[in-house]
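# Observations on the three-dimensional arrangement
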Amino acid sequence: MDYHLSEDQQAIVDMAQRFTAEQITPYAAQWDENHELPLETLEKAAELGFGGIYVNEDVGGCGLGRLESALIMEAMAYGCPSTSAFISIHNMAAWMIDLYGSDELRHRYLPRLVTMEHIASYCLTEPGAGSDAASLKTSAERDGDHYILNGAKAFISGAGSNDIYVVMARTGAPGAAGISTFVVEKDSEGLSFGANERKMGWHSQPTAMVMFDNVRVPVENLVGEEGIGFKIAMAGLDGGRLNIGACSLGGAQRCLDDAVNYVKERNQFNQRIADFQNTQFMLADMRTRLEAARALLYMAALKVTEGAPDKTEFAAMAKLMATETGSSVVDGAMQLHGGYGFLMDYPVERFLRDLRVHQILEGTSEIMKYVIGRKMVS
């Protein structure tokens, strides 16, 4: 394994970091406070290729690997984990269409998705089907040259705002084998959205329920074949989990850097806080765990790109370690800030709120342990 980024990869990092410094970091607190989805910023990100990072080039994507994607997400999360994660989810949904959709479906939707003229949502979770996603109830019944969808999805990023919904619905018997995947357009008759959820974090993106009441979807909008929808959803999550882990790395790195700067400036007991051994031990522990999580995530990203046999469990390990470590590092950074860290004047409290959900979405930490452990004893 090469522990150094290639020249092209370093150029991607430099570009993403410049974009973050200029277009994300100065405005992230405003987006958070006003619950504002920064559509203009998303369009600018797409101009750099961030709307179709690992979508194939024949439909306008960049055709990059999962390590490059993780590097981009990590860089953008340094400014705003919520906005970076929103772009990650869009990329995951677009990739599912690209890899599994028909050529006609790909060319119909992806050119506008990679430019983020249209933005996509990933619709798997339901009110009664979270970690047990294969128990989903949303149905899709064949009716001539259409499928009729009924049911509801919960906790959907971009619901009501986004243009395209990649939906997992039941076309067959109970269980994973009875699930199929569909592309549903926002203006479909019978498609409606719930009120925006009042969330602890991720304020720069809307989250709501998506409801289907006899929504007619053309047969041509079936992604792949009937019965492979759960496989498609899980394949999407291998990459999505890497990206969410990368968002935790970027957010934690920002808070660690801020904490180092703060303790070097803050004086108590006639000396800098940075000069206390306890402070140095805390910082050393935070950095060590963050670097270890980063190394595991980069390794897992290479495995997913290569299609390695153990890619799924390594993606789970990477998400588990990166999200748990990220939240722990941010919590330590807040502790080092003392009372000031609890104020909205300092970014650390926003990062603490934004990173907490990373241990829940796209597979909880407990589900990640289950994925890893099940493979070990099978």
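Described in the following lines is the structure provided in the data block. As the structure is a prediction and not an experimental result, all values here were calculated from the model.

## So, unusual backbone geometry
The backbone of Met-116 shows a phi angle near 60°, a positive value even though the residue is not glycine. When you line up the elements, Met-116 lands in the loop between helix H6 (103-114) and strand S1 (120-123). Of note in the backbone geometry, Trp-202 takes a positive phi value of approximately 55° without being a glycine. Assignment of secondary structure puts Trp-202 in the loop between strand S6 (191-193) and strand S7 (207-218).

## What about a negative patch on the surface?
A cluster of like negative charges, contributed by Glu-40, Glu-43, Glu-47 and Glu-117, occupies part of the molecular surface. Counting through the fold element by element, Glu-47 comes out in helix H3 (residues 39-47). On the accessibility criterion, Glu-47 (68% relative accessible area) is exposed.

## Let's talk about the packing of aromatic side chains
Applying the stated rule across the entire model yields nine aromatic pairs. With 5.9 Å between their ring centres and 50° between their planes, Tyr-340 and Tyr-346 make a pair best called tilted. Through successive ring pairs, a cluster of aromatic residues spans Tyr-54, Trp-95 and Tyr-100. The cationic tip of Arg-66 hangs over the ring face of Tyr-54; the distance from NZ or CZ to the ring centre is 3.8 Å.

## Details of the nonpolar core
Met-76, Met-96, Leu-113, Tyr-122, Met-168, Leu-242 and Leu-297 are the most contacted members of the largest nonpolar core, which totals 98 residues. The dominant element in this core, judged by the number of residues it contributes, is helix H7 (residues 229-265), at 16 residues. Contact partners of Met-168, with chain neighbours within four places excluded, come to Met-96, Tyr-122, Cys-123, Leu-124, Leu-136, Thr-138, Lys-153, Ile-179, Ser-180, Thr-181, Gly-229 and Ala-233. Formed by 18 residues, the second largest nonpolar core is a distinct cluster that contains Cys-123, Ala-169, Leu-191 and Val-210.

## Considering the pattern of salt bridges
Side chains that differ in sign of charge can pair as their charged atoms come close. What the rule picks out here adds up to 14 salt bridges. For Asp-58, the salt bridge goes to Arg-106, with nearest N and O atoms at 2.7 Å. Here Asp-58 is found in the loop between H3 and helix H4 (66-77), whereas its partner Arg-106 is found in helix H6, with 48 residues between them in sequence. What makes Asp-58 partly exposed here is its relative accessible area of 48%. Note on Arg-106: relative accessible area 7%, which makes it buried. With a closest N to O distance of 2.9 Å, Arg-272 and Asp-275 form a salt bridge.

Cut-off values and rules
- Residues numbered from 1 in each chain as written.
- Predicted model: local features only at pLDDT ≥ 70, side-chain atom pairs only at ≥ 80, totals over all residues.
- Heavy atoms only, no water.
- Helix = DSSP H or I, 4+ residues; strand = E, 2+ residues; numbered from the N terminus.
- Patch = residues over 30% accessible without salt bridge, like charges linked within 9 Å, V, L, I, M, F, W, Y side chains within 5 Å.
- Areas by Shrake-Rupley, 256 points an atom, 1.4 Å probe, with all protein chains shown as cover.
- Salt bridge = Lys/Arg side-chain N within 4 Å of Asp/Glu carboxyl O.
- Lys, Arg positive; Asp, Glu negative; His and termini not counted.
- Charge placed at Lys NZ, Arg CZ, Asp CG, Glu CD.
- Buried < 20%, exposed > 50% of the residue type's maximum accessible area, 1.4 Å probe, protein only.
- Phe/Tyr/Trp six-rings, centres within 6.5 Å; stacked < 30°, edge-to-face > 60°.
- Lys NZ or Arg CZ within 6 Å of the ring centre and 35° of its normal.
- Core = buried A, V, L, I, M, F, W, Y, C linked by side-chain atoms within 4.5 Å.
- Contact = heavy atoms within 4.5 Å.

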